[in-house]
Amino acid sequence: MTDAAASTFRPWTPPRRTQRMNLPHFLWQSWRDPLQIWSQAHFTELYIDGASPLGKTLVVSDPVGVRHVLTDNAANYEKGDLQRRVLGPMLADGLLLTEGEQWRRARRIMAPLFTPAHTARTAEAMDRVCRRRVEGWRLEHGARVLNIDSEMSGLTFDILSAALFSDDLDGDAAGFEKALNHFLAVGARISPLDALKAPDWIPRLGRVASGGDARFFKDRVDALVARRRARIEQDGDAPEDLLTALLSARDEEGDGSGLSDHEVASNILTFILAGHETTARTLGWTLHLISRDKRVADILKAEADGWDRSAGALRDLHWHRAVIEEAMRLFPPAPAMIRQALADDVIGGYAVKAGQSVLIVPWVIHRHEKLWDEPDAFRPERFLPENRKSIDRYAWLPFSGGPRICIGAAFAMQEAIIALAEILKVAEVEAITPVEPRPVHQVTLRSQRTMRLRLRVRRDRPVAA
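Residues numbered from 1 in each chain as written. Predicted model: local features only at pLDDT ≥ 70, side-chain atom pairs only at ≥ 80, totals over all residues. Heavy atoms only, no water.

A. Layout of the overall build of the chain. Check the secondary structure of the chain and you find 18 helices and 12 strands. The contacts in the chain between residues at least 6 apart in sequence include a share of 74% that link residues at least 24 apart. (Helix = DSSP H or I, 4+ residues; strand = E, 2+ residues; numbered from the N terminus. Contact = heavy atoms within 4.5 Å.)

What follows is the structure, encoded as structure tokens:
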């Protein structure tokens, strides 16, 4: 593929500041949209060390330094208080936030449930849900302008329900979406009080306003776990899905104990937020990029037409995977990670003191001028098999890295590829306005305004599709 033939679309990018931020500006921007706290220097320098409104921090973009923090010396770095304060009301005892032996035990118990073999067994259910969703658009009766945010949220929620919980969450999609949207827009914003490390007894307005969302999730998930526990204990007639596996799994390398119902519920909430939500946003951004690049769209349609809907043939959808991975580079589902040093350390020649915050920011790393050719351009070719080996493992971090890499990464990639292929087997995806959606950091990377695209039935699709 020559450079001339490569994609050159550049999605809208937030302005990058060139001047230092004072504390009020930093607090305001952190609450409004943390994407805009990053300066131009962050995209040209591999390390930014110094005082910040959060205290002394080190922003690490060098893949060598990132590897040191996430893998080589991962035991010295835990997730900071800020993330626990923001997400704790929802995910306190899930894999995303726990540390130490509590995290290691839960990870040991759950790891066998996310092997490639287990993941492949969910492909048929994923495909069934995707086909039902696409058929429900009834595109053969005319083009439709869809709320892509809502449609992809509904789709990934239905996949989660079918593939992991045997549809026991079925019927709650609208309620979960409404509660999740409100929580991310209001409750999960970084409060100035959190940034200033104010005592927990001082109320955070966003958290108070989103308290009903946390109760909604807790009530629904607790009821789900209780119903399934009863089925397992009473008649053993429980479906063989992830929920049953979570309730039945034991720590074979430890004391043989299992997860408590509370731990199971916390991890289901983690899967909903860190799995359903992030994959929905990835699919939305992917469809946006495709709508702006006809050449790539045509390649994807031809590849989708050749897929026979089997799980084994998913590995041949090279362009689907490359486009999704490029979408996650440009629009990383989790735009920033904060780690706190437990002991003094040195990263890339920079001294780090115990208690100091270290920031690893995929939004910055994925668009860094020293790490990527044309970093702001949509270039899925870079992730094709023949090119991918040149990408440093720690320069692309949509699923984090090291021991705490996302346990459901393979599951998320499989469902995104299947969903994209099923959509493109049937539909043309078209932009309806020259005004592009603008990303905003609300725990995940969302569109500031509702993303809408026009889908119309393909006139060139094979009859059998």
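So, next bit.
B. How the structure looks around unusual backbone geometry. Even without being glycine, R309 reaches a positive phi, approximately 70 degrees. As for its position among the elements, R309 is in the loop between α14 (294–305) and α15 (318–330). Accessibility expressed as a relative area gives 22% for R309, which makes it partly exposed. (Buried < 20%, exposed > 50% of the residue type's maximum accessible area, 1.4 Å probe, protein only.)

C. Spotlight on the nonpolar core. Grouped together as the largest cluster of nonpolar side chains are 110 residues, with contacts concentrated most on W38, M152, I268, I423 and L455. Setting aside residues no more than four positions away along its own chain, M152 makes contact with W137, A280, L283, G284, L287 and I423. Ranked by size, the runner-up nonpolar core spans 16 residues in total, among them Y47, V69, I347 and V358. (Core = buried A, V, L, I, M, F, W, Y, C linked by side-chain atoms within 4.5 Å.)

D. Representation of the sheet that holds strand β12 (residues 452–457) in the model. On the basis of which strands lie adjacent, the open sheet formed by three strands has the order β4-β12-β9 and antiparallel pairing. Edge positions in the open sheet fall to β4 (144–147) and β9 (427–430), since each of these has one partner strand only. Averaged over all adjacent pairs, the angle separating strand axes in this sheet is 35 degrees, with direction ignored. Of the pairings in the sheet, the one linking β9 to β12 comprises four bridges and is antiparallel in character. By the bridge assignment, A427 is partnered in β12 with V457. (Pairing = 2+ DSSP bridges. Axes fitted to C-alpha atoms, helices over the stretch in contact; angles between N-to-C directions.)

E. Geometry of the side chain of D158. Here D158 shows up in helix α7 (residues 148–165). Only 3.0 Å separates the side chain of D158 from the side chain of R133, close enough to count as a polar contact. (Polar contact = N/O pair within 3.5 Å; in protein donor to acceptor, adjacent residues only side chain to side chain.)

F. Representation of the packing of α15 against helix α18 (residues 409–426). It is the contact of α15 with α18, at a shortest axis distance of 10 Å, that shows an interaxial angle of 115 degrees. With respect to their mutual orientation, α15 and α18 come out roughly perpendicular. Two packed elements cross with a definite hand, and for α15 against α18 that hand is right-handed. Contacts between α15 and α18 involve H320, R321, I324, E325 and M328 on the former and, on the latter, M413, A416, I417, L420, A421 and L424. Class assignment of the residues belonging to the contact of α15 with α18 gives a composition of eight nonpolar, one polar and two charged. (Parallel < 35°, antiparallel > 145°, perpendicular 65-115°, else oblique. Left-handed = near helix turned anticlockwise from the far one by under 90°. Nonpolar A, V, L, I, M, F, W, Y, C, P; charged D, E, K, R; others polar.)

G. A look at the pattern of salt bridges. The full count for this structure, using the stated rule, is 32 salt bridges. Taking the shortest distance from any N to any O, the salt bridge between R446 and E277 comes out at 2.9 Å. With R446 in strand β11 (residues 444–447) and E277 in helix α13 (residues 261–291), this residue pair connects regions lying 169 residues apart in the sequence. Of the residues examined, E277 reaches a relative accessible area of 0% and is grouped as buried. Ionic pairing is found between D305 and R458, a salt bridge with its closest N-O pair at 2.8 Å. Here R458 lies in the segment after β12 and D305 lies in helix α14, a separation of 153 residues in the sequence. Owing to a relative accessible area of 4%, R458 belongs among the buried residues under this scheme. (Salt bridge = Lys/Arg side-chain N within 4 Å of Asp/Glu carboxyl O.)

H. The sheet that holds strand β8 (residues 357–360), seen in detail. Sheet architecture is open: five strands sit in the order β1-β2-β8-β5-β3, paired in mixed fashion. Looking at the sheet topology across the chains shown, the edges are occupied by β1 (47–52) and β3 (77–79). Direction aside, the axes of adjacent strands within the sheet are offset by 30 degrees on average. In this sheet, strand β2 (residues 55–60) lies alongside β1 in antiparallel orientation, the contact comprising six bridges. Pairing of Y47 across the sheet is with V60, part of β2. Contacts between helix α2 (residues 63–72) and the sheet are confined to β1, β2, β3, β5 (337–341) and β8, with β8 contributing the most and set at about 120 degrees to the helix.

I. View of the pairing of β12. Inspection of the sheet shows β4 paired to β12 by four bridges, in the antiparallel sense. Bridging from a neighbouring strand, L146 pairs with L453 of β12.

J. Geometry of the packing of helix α6 (residues 123–136) against α18. Viewed as axis vectors pointing N to C, α6 and α18 meet at an angle of 35 degrees, and their least axial separation amounts to 9 Å. Considering the relative orientation of α6 and α18, their crossing is right-handed. For the pair α6 and α18, the contacting residues are A123, M126, D127, C130, R131 and V134 in the first and F411, Q414, E415, I418, A419, E422, I423 and V426 in the second. Residue classes in the contact of α6 with α18 are distributed as nine nonpolar, one polar and four charged.

K. Structural detail: the packing of aromatic side chains. Applying the stated criterion across every chain, the model contains six aromatic pairs. Between W372 and F383, the aromatic rings sit 6.2 Å apart at their centres with planes inclined by 40 degrees, giving tilted as the arrangement. You can see W372 sitting in the loop between α16 (362–365) and α17 (385–388) and its partner F383 sitting in the loop between α16 and α17, a full 11 residues away along the chain. Exposure remark for F383: the relative accessible area of 3% places this residue in the buried category. These aromatic residues form a ring-pair network of at least three members: W372, F383, W396 and F399. Residue placement shows R16 over the ring face of F43; its charged tip is 3.6 Å from the ring centre. A cation sits over an aromatic face here: R393 above Y394, 5.5 Å from the ring centre. (Phe/Tyr/Trp six-rings, centres within 6.5 Å; stacked < 30°, edge-to-face > 60°. Lys NZ or Arg CZ within 6 Å of the ring centre and 35° of its normal.)

L. View of α14. Compared with an ideal rise of 1.5 Å per residue, which puts 12 residues at 16 Å, α14 spans 16 Å between its outermost C-alpha atoms and is within 8% of the ideal. Lining the buried residues of α14 we find α13, α15, α18 and β9. Put simply, D293 is the residue that caps the front of α14, since its side-chain oxygen is 3.3 Å from the backbone nitrogen of R295. (Expected span 1.5 Å × (residues − 1).)

M. The side chain of T244, seen in detail. Counting through the fold element by element, T244 comes out in helix α12 (residues 242–248). Among the residues examined, T244 registers a relative accessible area of 13% and is labelled buried. Not counting residues up to four positions away in its chain, the partners in contact with T244 are R228, I232, A238 and P239.

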